[in-house]
Amino acid sequence: MPRPPKHVPPNTLGGRIRAARENLHLSLANVAGDRYSTSLISQIERNRVEPSQESLEFLAQRLTLPLEELKLLVQQQREAEVQDHQVHLLETLYSKAAQAFAAKQPYEVLRLLKGLNFSRIAPELRWRFAALRGQCYFRIRQFLAAQKDFLYATIEQPLFIPAEQHKEVMDLHLHLAAALRELEQPDAAFEEFQAALNMMDANSPLNYVAETHWGMSLIAFQRANKSECPHKKEDQYDIALTHAENASALYRVIGDEVRLALLRCHIALIHQEQGHVDDARKALDTLLQKWLPELEQEVRSPDGDELHLTEISNLVSAVACSLAGVAYQVENFDAALTYVQQARYAGDFSNKLRKAEAAMMQGRILEAVHMYEQAEAAFREAIDILAETERLAARIRAYDLLGRHLLKTGKTKEGEQELDHAQHLSHLASVFTSTTIEVESERADIAQLR
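Since we're looking at a predicted model, the values are computed, not measured.

## Considering the overall build of the chain
Okay, so step 1: The helix and strand tally for the chain stands at 20 helices and zero strands.
Okay, so step 2: For a compact globule of 450 residues, the expected C-alpha radius of gyration is about 22 Å, and the chain comes in at 31 Å, more than 25% above that figure.
Okay, so step 3: Its C-alpha atoms give the chain principal-axis dimensions of roughly 105 × 45 × 45 Å.
Okay, so step 4: Burial statistics for the chain: of 450 residues in total, 46% are counted as buried.

Written as structure tokens, this is what we have:
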């Protein structure tokens, strides 16, 4: 009969019995005697079989061990087996949910995770469940729920993360940063993008590095547009341009033409704000001439890829809306209206944000040509489009544009009400920021305790 393996933990039932037998210099056969088989004793020592009450009493007497101690070890072994079984079930559930997410089925993932009590899950798996659920909320544009899960996941991360999960950690920070940006928390978002960038090295996926630079560029551009100081404004534009060019170079290597085109659109907007209006117009016009026919071809194709159609329509709407903004700036309002109609056409195949941005731009142009009723209708349309979304920055802008327009046209009371809506949403954004700061503080406290 082969000897039991040496790796059986000594603080288990099997380890305790084996240690007692060896201390008494007894063989398996000596312990088994005529009552039990050596195979059964061996299985008990290896924790493969739980002894009956009768056999447990026999072993306690045979090996001069306290029966109560053995009973306690049996109970602990049962609890460990239950825990191992639960861990196995959770790991299986996570794997199934991750596969559904990879298959672009976020609602199926949310169904699978419904009712899951995260506090009862081991920390090494808990943060992964929270991050995965947050990514589902992010994908369906529920940014508040996504932010909550992402912050929870960052707090619950164990001190040691296996190398094979480092990509998940980067993914978590990137999604948290994007959610914070959507909720009008640019400073917190920039910090998360920076944290993700600090984790990256030569082995990191290029698309992750590109997304990080792109996000940091968008935030720097936003900061520049809000700055009242000319020097700070120009510094932020330079930062935005540097990160955008880094992202462009990476997407060129990856071969993602749609994202590269979107970045070129973003770079053109930076150039426009820096005073290079004609350069921006030429760059944007080149993009529109290339991608508008691509969109029309996708729309006509009966067997087209829906995701590809959404990506191209998103690009065309952004480019056309940006061109409308350039034409608006130089007061070429006829051209601006033509471009905005193209943006609206593309927006019908894209997302609500693009539709709303096109409506807001149309409202600005119509206001400039004194078509006040149509302008008001366009601003209200943008508000209606965004009403059920969590696109906080866009909603604030829509209410602000409508409020200022109403004041301009003499509708003072209505205008002040719309500006109050914008102020209320801005207050919500500051509340979210305070919540984030509290969570960051809690995260630091936990780190100190560790």
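## Quick look at the nonpolar core
Okay, so step 1: Counting residues in hydrophobic clusters, the biggest one holds 98 residues, and the most contacted among them are Val 109, Phe 129, Leu 288, Trp 291, Val 316 and Val 319.
Okay, so step 2: When residues in this core are grouped by element, the largest group, 12 residues, is from helix H15 (residues 306-329).
Okay, so step 3: In this structure, Trp 291 is in contact with Glu 257, Val 258, Ala 261, Ile 312, Leu 315 and Val 316, ignoring residues within four places of it in sequence.
Okay, so step 4: If you look at the next biggest cluster of nonpolar residues, it comprises 21 residues, including Leu 353, Leu 401, Leu 406 and Ala 422.

## So, the environment of Pro 10
Okay, so step 1: Looking at where Pro 10 falls in the secondary structure, it is placed in the segment before helix H1 (13-23).
Okay, so step 2: Distance from Pro 10 to Leu 284, taken between C-alpha atoms, is 72 Å for residues 274 residues apart in sequence.
Okay, so step 3: In contact with Pro 10, not counting residues within four places along its chain, are Gly 15 and Arg 16.

## A word on the environment of Lys 167
Okay, so step 1: Structurally, Lys 167 is set in helix H9 (residues 166-182).
Okay, so step 2: Sequence spacing of Lys 167 and Pro 302 is 135 residues, and the spatial spacing of their C-alpha atoms is 37 Å.

## Side note on the environment of Ala 32
Okay, so step 1: Mapping Ala 32 onto the fold places it in helix H2 (residues 28-32).
Okay, so step 2: Considering only alpha carbons, one finds Ala 32 and Ile 385, 353 residues apart in sequence, at a separation of 79 Å.
Okay, so step 3: Those residues in contact with Ala 32 that lie beyond four places of it in its chain are Ser 37, Thr 38, Ile 41 and Phe 58.

## Focus: a nonpolar patch on the surface
Okay, so step 1: On the surface, Leu 206, Val 253 and Ile 254 cluster together to form a nonpolar patch covering roughly 260 Å² of accessible area.
Okay, so step 2: Classification of Ile 254 as partly exposed rests on a relative accessible area of 37%.

## Re helix H14 (residues 277-300)
Okay, so step 1: Under the 1.5 Å per step criterion, the end-to-end length of H14 is 34 Å for 24 residues, consistent within 8% with the ideal 34 Å.
Okay, so step 2: At Trp 291, H14 shows its maximal bend, which comes to roughly 25°, and the proline Pro 293 appears one to four places after that position.
Okay, so step 3: Taken together, the buried positions of H14 are occupied by Val 277, Ala 280, Leu 284, Leu 287, Leu 288, Trp 291, Leu 292, Leu 295 and Glu 298.
Okay, so step 4: Residues of H14 that are buried in the fold lie against helix H13 (257-273), H15 and helix H16 (333-347).

## What to know about helix H12 (residues 230-254)
Each full turn of the α-helix corresponds to 3.6 residues, which orients residues three or four apart in the same direction.
Okay, so step 1: Compared with the 36 Å implied by 1.5 Å per residue over 25 residues, the 36 Å span of H12 between its first and last C-alpha is a close match.
Okay, so step 2: All of the buried residues along H12 are Gln 236, Tyr 237, Ala 240, Leu 241, His 243, Ala 244, Ala 247, Ser 248, Leu 250 and Tyr 251.
Okay, so step 3: Buried residues along H12 sit against helix H11 (206-226) and H13.

## Quick word on the packing of helix H6 (residues 106-113) against helix H7 (residues 123-139)
To describe two helices that pack against each other, one gives the angle between their axes and the distance between the axes.
Okay, so step 1: As a packed pair, H6 and H7 sit with axes 9 Å apart at the nearest point and diverge in direction by 140°. Classified by the angle their axes make, H6 and H7 are oblique. Every pair of crossing elements has a handedness; the one defined by H6 and H7 is left-handed. Facing Pro 106, Val 109, Leu 110 and Leu 113 of H6, the residues of H7 in contact are Phe 129, Leu 132, Arg 133, Cys 136, Tyr 137 and Arg 139.
Okay, so step 2: Here the contact of H6 with H7 is composed, by residue class, of eight nonpolar, no polar and two charged.

## Observations regarding unusual backbone geometry
Okay, so step 1: With phi around 60°, Lys 104 is a residue other than glycine that occupies positive phi space.
Okay, so step 2: Relative to the assigned elements, Lys 104 resides in the loop between helix H5 (67-102) and H6.
Okay, so step 3: Overall, the relative accessible area of 56% leaves Lys 104 in the exposed class.
Okay, so step 4: Residues other than glycine seldom take positive phi values, yet Glu 331 does so here, at roughly 65°.

## Observations regarding the packing of aromatic side chains
One pair of aromatic rings is described through two measures. These are the centre distance and the angle between the planes.
Okay, so step 1: All chains considered together, the criterion is met by nine aromatic pairs.
Okay, so step 2: Taking 6.1 Å as the distance between ring centres and 35° as the angle between the ring planes, the aromatic pair formed by Phe 118 and Tyr 152 counts as tilted. Remark: Tyr 152 occurs in helix H8 (residues 143-156) and Phe 118 occurs in the loop between H6 and H7; sequence separation between them is 34 residues.
Okay, so step 3: Ring centres 5.6 Å apart and planes at 80° place the aromatic pair Tyr 345 and Phe 349 in the edge-to-face group.

## A look at the pattern of salt bridges
Okay, so step 1: Counting across every chain of the model gives 21 salt bridges.
Okay, so step 2: Residues Arg 133 and Asp 149 are paired through a salt bridge, measuring 2.7 Å at the closest nitrogen-oxygen approach. On the criterion of sequence distance, the pair formed by Arg 133 in helix H7 and Asp 149 in helix H8 is long-range, its members being 16 residues apart.
Okay, so step 3: Look at Asp 149 and you get buried, because its relative accessible area is 4%.
Okay, so step 4: For Arg 344, the salt bridge is made with Glu 381, and the minimal N-O distance between the two is 2.5 Å. Here Arg 344 is found in helix H16, whereas its partner Glu 381 is found in helix H18 (residues 372-386), with 37 residues between them in sequence.
Okay, so step 5: Taking the relative accessible area as the measure of exposure, Glu 381 reaches 30% and is therefore partly exposed.
Okay, so step 6: Sharing partners across several salt bridges, the network here consists of Glu 376, Arg 380, Lys 411, Glu 414 and Glu 418.

Thresholds applied
Residues numbered from 1 in each chain as written. Predicted model: local features only at pLDDT ≥ 70, side-chain atom pairs only at ≥ 80, totals over all residues. Heavy atoms only, no water. Helix = DSSP H or I, 4+ residues; strand = E, 2+ residues; numbered from the N terminus. Rg over C-alpha atoms; globule rule 2.2 N^0.38 Å. Buried < 20%, exposed > 50% of the residue type's maximum accessible area, 1.4 Å probe, protein only. Core = buried A, V, L, I, M, F, W, Y, C linked by side-chain atoms within 4.5 Å. Contact = heavy atoms within 4.5 Å. Patch = residues over 30% accessible without salt bridge, like charges linked within 9 Å, V, L, I, M, F, W, Y side chains within 5 Å. Areas by Shrake-Rupley, 256 points an atom, 1.4 Å probe, with all protein chains shown as cover. Salt bridge = Lys/Arg side-chain N within 4 Å of Asp/Glu carboxyl O. Expected span 1.5 Å × (residues − 1). Bend = angle between axes of the 7 residues up to and from the residue. Axes fitted to C-alpha atoms, helices over the stretch in contact; angles between N-to-C directions. Parallel < 35°, antiparallel > 145°, perpendicular 65-115°, else oblique. Left-handed = near helix turned anticlockwise from the far one by under 90°. Nonpolar A, V, L, I, M, F, W, Y, C, P; charged D, E, K, R; others polar. Phe/Tyr/Trp six-rings, centres within 6.5 Å; stacked < 30°, edge-to-face > 60°.

As far as function goes, none of this settles anything; it's purely spatial.
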